[in-house]
Amino acid sequence: MSTKGIVKGIISNLVIVQVDGPVSQNEICYILHKEARLMAEVIKVVGQQAYVQVFESTRGLKVGFEVEFSNHMLEVQLGPGLLSRNLDGLQNDLDKMQGIFLSRGEYTSPLDEKQLWEFQPLAKAGDKVQAADWLGETKENFQAHKIMVPFVLEGSYTVKSIVPQGSYTVKETIAVLLDDSGNEIPVTMVQRWPVKKALKAYKEKPRPFRLLETGVRIIDIANPIVEGGTGFIPGPFGTGKTVLQHAISKQAEADIVIMAACGERANEVVEIFTEFPRLEDPHTGRKLTERTIIVANTSNMPVAAREASVYTAMTIAEYYRSMGLKVLLMADSTSRWAQALREMSNRLEELPGQDAFPMDLSAIISSFYGRAGYVILNNGQTGSITFIGTVSPAGGNLKEPVTEGTKKAARCFFALEQIRADRKRYPAINPIDSYSKYIEYPEFEAYIAENLSDEWIPTVNEMKTLLQRGKEVQEQINILGDDGVPLDYHITYWKSEVIDFVILQQDAFDKVDALCPIERQQYMLKKVMGITRLNFEFDNFTEVMDYFKRVIHVLRQMNYSEFQSEPFRELETELEAVLKERVTQ
Amino acid sequence: MATKAFQKIYTKITQITKATCSLRAANVGNEELATVDGNLAQVVKIIGDEVTLQVFGGTEGLRTNAEVVFMGKAPSLNVGDQLIGRFFNAFGDPIDGGPVPEGKEVEIGGPSVNPVRRKQPSELIATGIAGIDLNNTLVSGQKIPFFADPDQPYNQVMANVALRAQTDKIILGGMGLTNDDYLYFKNVFSNAGVLDHIISFVNTTEDPPVERLLIPDMALTAAEYFAVEKNEKVLVLLTDMTLYADALSIVSNRMDQIPSKDSMPGSLYSDLAKIYEKAVQFPDGGSITIIAVTTLSGGDITHAIPDNTGYITEGQLFLRRDTDVGKVIVDPFRSLSRLKQLVIGKKTREDHPQLMNAAVRLFADAANAKTKLENGFDLSDYDERCLDFAKEYSAQILAIDVNIDTTEMLDTTWKILAGHFRVEELNIRQDLVNKYMPKVS
Ligand SMILES: Nc1ncnc2c1ncn2[C@@H]1O[C@H](COP(=O)(O)OP(=O)(O)OP(=O)(O)O)[C@@H](O)[C@H]1O
Ligand SMILES: [Mg+2]
């Protein structure tokens, strides 16, 4: 018999429940409010009192209302049919909900129970299997979707029977497994997993090393992220976090993209709803929606569900990773998640840490980022979750708990900067302060040398040195004046500006410039660095500026033209002519 | 809001703080309204049989044997066409001497729109102010605040925007308005002869501050009625949201919540987002656009109120006095309309995006030149030209007294640019230059 309870107190969305039996931390319960059942999660237990955070508005709730406990933690359903869905933070299918407004207590299944899936067995009777092993597969949109041994099963099992190829619903038994004692375990195409537990059904988690192409030059060239890598994008409001994440989600070379809109604007989610069905995945030519899942818990949706939403998204990512797929997970913004934790912690009257965030914030962030990664599955195949979160630091000040906590956990740091945004130098990633730790991995270096070129990394380092030098020179010019420094300084500064304008800056709203495939990046990097290595002759600094502005102008036009098209080639010829004017030997 | 005769009356208050009082009571719902000696209050916390009420009028002079009656419902508004042209207080009671409007009673602060039922905003809102229409184009369904110092004419600019925008209804939510500003809005609206599509909810400096907390929800509940039931385009004006947030902090600090940055409640982001996210474009044509005012103290945008606002709204409009031309301008650097991408170059001429960016970039170069000048350095010819450009651009485009249509704004900008710069200094796509840049004489 499951535990029941009675409401004893209400403080905003924190409800205190007197219970009549055992409860567990993070257990889900339902508060019976007139006709609606309001879902809530246990977050603290003191004696017979369970403190629960309610995933809905608590308006009208009264002391004395009944509560039913469910005996399980917050879970998601995993099975074919999740792709292309628009889910809320608790994995309800938003499209299935009635009416214009979200109504309290309306919960809808993320999967379609009637749809038939063409199942192809991969295992056969007699096979020894364990959790996450592939029993069969079906086609979800255009990709293979593996049906796996349920993750909750511990130890090893024998396949007793498996259905032949054919069409089945997610509810039909497709295989029967036997445990050591000979008990039969029926398996369907859908399984459940508690979101706050990391799914660890893989063999090992080596260091990631393969470049994940994002099509964003300043990332791929200067601060590359890898398949299974982690990165974060901190920045004051309006500096371009969301635009950058959207750009990556459209272009990155991933099999599955999961977007967790966590406590941000509804209109930004609508933008995805509107654009993705129209846009094509540049790598497969399929519609972007076909590889995407949206988990939307926007800022006006209940705060507790916002906290859950990032875990829901991560668990779905882990599910697809277990199929040997490259998953890209984005969360915008992880600060809203941290704030949700803070609101709760304050209501629980816990001892506050810095800025009133919970004391263990940093640990919570680390263990979340720790769930990403590149893994070798039990069958030797590989899969990955690349995770990129945005951080919205209060007052734009990076010395705050969420940024600092995330910096410890994430390996790439894409620091968006107010000044660059103000100057419309988009993406406003600070080229000097940002970093990718992966560049230092020898495995990564070897991978790049083999797959791109062995000149790539030295050239990138040369580029960074020049940018750094350009910045120093600029500071000196600011102090000493244009006349106060040698002409050479101006040349160095303008060479670094060429890199800035042509390589680092990229217009996310231009049809052509928005996406820069790696071959094109290689081409442009070579071209631009070639120019910076040339010697030029000038009489005075105004000439330097005027001249390099022309160079930048032509190169930018190239960025706006189709790669290797007629206009692109013409611009290249024009560039050669411009260079000839001033180059010396 | 009369109470019913059979309701139970409590007369034993056990605790009083500046904004709240507590008593023992049974069968009370969270967020329910009550009266305390006739003054409105709302349930904010229930522990066992101890109920804490937030008293909107403040607790000054409150006696422990005051009569407390629970009303069995959350704050609500009677919505209907009878709201049109009327002025109400924070409780939705008329303050214009007119009758209490009849209509459907709806609880305020209702549920959120399902994101999949929204439509992407795509209709431009023209204001005639080039600093807005050209550089920071507004779109229906957007939410955007003016960030302004208290001495700037933000209410006037906002009233101008409201009157010029083509909308079906304007709903004013005034929080802590001075009586003068209240009368200003009233006069402007009646002089323009538009009272028949205006509704106002007003809390003045003379009213208790905690009452302000109800204003945005009242205004937005009325807005939802017209946008959802009548498919109308509704513009909601909220001024001043800083005073709203101040009222939030009064209440939360009185409830012993741990304050976070700038003594604001930790939930400030969620509290503000719940309001601003009511801005929406519905598929059936109805929309709610929110233009708000957030006053700054000493221009500090890192303060928790503007900071959280900036993270929620779709851009912000900065007003600043440009001493070089002696006019208030819409600051092109710190202002931003995030939704402009959805309309510029699509609903406006194709050269709009690139031209706008080029002009702002050159205006930035002018700012650098000015710094150089101030630091005593010589100016290059380019710097000089930037400075000349900036003056014309500021006076003819950025100033808030400009009132022209978008195409004229574009033509004017080209003309100013052509007067000072060469093509390669503009960084604009060649085909656009060929088509739109006037030849200099
Ligand atoms: N790569 C880019 N190219 C062109 N414009 C950009 C680019 N990145 C950002 N912008 C501009 O900056 C604006 C703000 O960007 P965005 O919404 O991504 O900011 P944000 O950092 O997510 O802000 P918030 O924290 O408030 O959500 C965009 O609306 C756009 O005008
Ligand atoms: Mg954003």
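Residues numbered from 1 in each chain as written. Chains lettered and ligands numbered in written order. Predicted model: local features only at pLDDT ≥ 70, side-chain atom pairs only at ≥ 80, totals over all residues. Heavy atoms only, no water.

1. Things to note about the overall build of chain B
The number of helices and strands found in chain B is 11 helices and 21 strands. Against the compact-globule benchmark of 22 Å for 441 residues, chain B has a radius of gyration of 25 Å, which places it among compact chains. With respect to the three principal axes, the spread of C-alpha positions in chain B is 85 × 50 × 40 Å. Counting across all 441 residues of chain B, residues that qualify as buried make up 59%. Pairs at least 24 apart in sequence give 73% of the contacts found in chain B among residues at least 6 apart. Total accessible area on chain B stands at roughly 16,400 Å², and carbon and sulfur atoms take up 47% of it. (Helix = DSSP H or I, 4+ residues; strand = E, 2+ residues; numbered from the N terminus. Rg over C-alpha atoms; globule rule 2.2 N^0.38 Å. Buried < 20%, exposed > 50% of the residue type's maximum accessible area, 1.4 Å probe, protein only. Contact = heavy atoms within 4.5 Å. Areas by Shrake-Rupley, 256 points an atom, 1.4 Å probe, with all protein chains shown as cover.)

2. Thoughts on the domain arrangement of chain B
The domains assigned to chain B are domain 1 (9-70), domain 2 (76-107 + 140-313) and domain 3 (352-436). Computed over C-alpha atoms only, the centres of domain 1 of chain B and domain 3 of chain B are separated by 60 Å. (Domains from an automatic or database assignment.)

3. Section: the packing of helix α10 (residues 456-480) of chain A against helix α11 (residues 487-504) of chain A
Residues and elements named next belong to chain A. For the pair α10 and α11, interaxial distance at closest approach is 8 Å and the crossing angle is 125°. Compared by their axis directions, α10 and α11 come out oblique. Considering only the axes of α10 and α11, their crossing is left-handed. Across the interface between the two elements, M463, L466, L467, R469, G470, V473, Q474, Q476 and I477 of α10 pack against Y489, H490, T492, Y493, K495, S496, I499, D500, I503 and L504 of α11. (Axes fitted to C-alpha atoms, helices over the stretch in contact; angles between N-to-C directions. Parallel < 35°, antiparallel > 145°, perpendicular 65-115°, else oblique. Left-handed = near helix turned anticlockwise from the far one by under 90°.)

4. A few points about the interface of chain B and chain A
Counting residues at the interface gives 74 residues for chain B and 73 residues for chain A. The interface formed by chain B and chain A includes four salt bridges. As a salt-bridge pair, D546(A) and R422(B) come within 3.6 Å of each other at their nearest N and O atoms. Going through the elements one at a time, β5 (39-47), β13 (143-148), α4 (215-229), α6 (268-276), α7 (304-312) and α8 (352-374) of chain B are the ones with two or more residues in the side of chain B that touches chain A. Element by element, the count of residues in the side of chain B that touches chain A is highest for α7(B), at six residues. As paired elements, strand β1 (residues 4-11) of chain A and β5(B) share three bridges and run antiparallel to each other. By the bridge assignment, G9(A) is partnered in β5(B) with I47(B). (Salt bridge = Lys/Arg side-chain N within 4 Å of Asp/Glu carboxyl O. Pairing = 2+ DSSP bridges.)

5. Comments concerning the nonpolar core
Residue and element names in this part refer to chain A. With 122 residues, the main nonpolar core has M463, F548 and L555 as its most contacted residues. In contact with F548, not counting residues within four places along its chain, are I491, W494, K495, V498, F536 and F538. Of all hydrophobic cores here, the second largest spans 84 residues; its members include I256, V327, I364 and A372. (Core = buried A, V, L, I, M, F, W, Y, C linked by side-chain atoms within 4.5 Å.)

6. Here we look at the site of ligand 1
Taken together, the neighbourhood of ligand 1 is formed by 21 residues, with K241(A), T242(A), V243(A), R265(A) and R338(B) sitting nearest. More than a single chain frames ligand 1: its nearby residues are located in chains A and B. Within the backbone of G238(A), a nitrogen or oxygen atom sits 2.8 Å from an oxygen atom of ligand 1. Between an oxygen atom of ligand 1 and a side-chain N or O atom of T242(A), the distance comes to 2.7 Å. Taking 630 Å² as the accessible area of ligand 1 by itself, protein coverage stands at 94%. Only α2 (241-251) of chain A together with α7 of chain B provide two or more residues apiece to the shell around ligand 1. No other element matches the three residues that α2(A) contributes to the shell around ligand 1. Class assignment of the residues belonging to the shell around ligand 1 gives a composition of nine nonpolar, seven polar and five charged. (Near = heavy atom within 4 Å. Polar contact = N/O pair within 3.5 Å; in protein donor to acceptor, adjacent residues only side chain to side chain. Nonpolar A, V, L, I, M, F, W, Y, C, P; charged D, E, K, R; others polar.)

7. A closer look at the packing of aromatic side chains
What characterises a pair of aromatic rings is the spacing of the ring centres plus the angle enclosed by the ring planes. With the rule as written, the count across this model stands at 39 aromatic pairs over all chains. A centroid spacing of 6.0 Å and a plane angle of 45° characterise the contact between F538(A) and F548(A), whose relative ring orientation is tilted. Taken together, the positions of F538(A) in the loop between β26 (535-536) and α13 (541-560) and F548(A) in helix α13 put the pair 10 residues apart, joining distant regions of the chain. Like F538(A), the residue F548(A) is buried in the burial classification. Measuring from centroid to centroid gives 5.4 Å for F88(B) and F201(B), while their planes differ by 25°, and the two rings are stacked. Separated by 113 residues along the polypeptide, F88(B) in strand β9 (residues 87-88) and F201(B) in strand β15 (residues 198-204) bring together distant segments of the chain. (Phe/Tyr/Trp six-rings, centres within 6.5 Å; stacked < 30°, edge-to-face > 60°.)

8. Overview of the environment of G315(B)
Residue and element names in this part refer to chain B. Within the fold, G315 resides in strand β19 (residues 315-322). For the pair formed by G315 and P259, sequence separation is 56 residues and the distance between their alpha carbons is 27 Å. Sequence-distant contacts of G315, that is, excluding residues within four places in its chain, are made with I144, P145, L336 and R338.

9. Let's talk about the sheet that holds strand β10 (residues 128-130) of chain A
All names here are of chain A. Spatial ordering of the open sheet is given by β10-β13-β15-β16, a layout of four strands whose pairing is antiparallel. Strand pairing shows two members of the sheet lacking a second neighbour, β10 and β16 (184-187), which therefore form its edges. Going from strand to strand, the sheet's axes swing by 45° on average, the running direction of each strand aside. Where strand β15 (residues 175-178) lies against β16, four bridges are found, and the strand directions are antiparallel. Bridge assignment links A175 to a residue of β16, and that residue is V187.

10. Notes on helix α12 (residues 518-532) of chain A
Residue and element names in this part refer to chain A. Here α12 spans 21 Å end to end across 15 residues, near enough to the 21 Å set by a 1.5 Å rise per residue. Looking at α12, one finds that the buried residues are I518, R520, Q521, M524, L525, K527, V528, M529, I531 and T532. Of the surrounding secondary structure, the elements contacted by the buried residues of α12 are α1 (217-222), α10, α11, β26, α13 and α14 (566-582). (Expected span 1.5 Å × (residues − 1).)

11. Let's talk about unusual backbone geometry
Of note, the amide linkage connecting D332(A) to S333(A) takes the cis form, showing an omega dihedral of 5°. Among the secondary structure elements, S333(A) is positioned in the loop between β21 (326-332) and α5 (334-347). A cis geometry characterises the amide bond from T239(B) onward to D240(B), with omega recorded as 5°. Phi is positive for A132(A), close to 80°, though the residue is something other than glycine. Here A132(A) shows up in the loop between β10 and β11 (134-140). Exposure remark for A132(A): the relative accessible area of 7% places this residue in the buried category.

12. Notes on the pattern of salt bridges
Side chains bearing opposite charge may pair, as long as their charged atoms lie close to each other. Inspection of every chain in the model, using the stated rule, returns 62 salt bridges over all chains. E31(B) is the salt-bridge partner of R59(A), the closest N and O atoms lying 2.8 Å from each other. Here E31(B) lies in the loop between β3 (20-24) and β4 (33-36) and R59(A) lies in the loop between β5 (49-54) and β6 (66-73), a pairing that spans two chains. Under the relative-accessibility criterion, E31(B) is labelled partly exposed at 24%.

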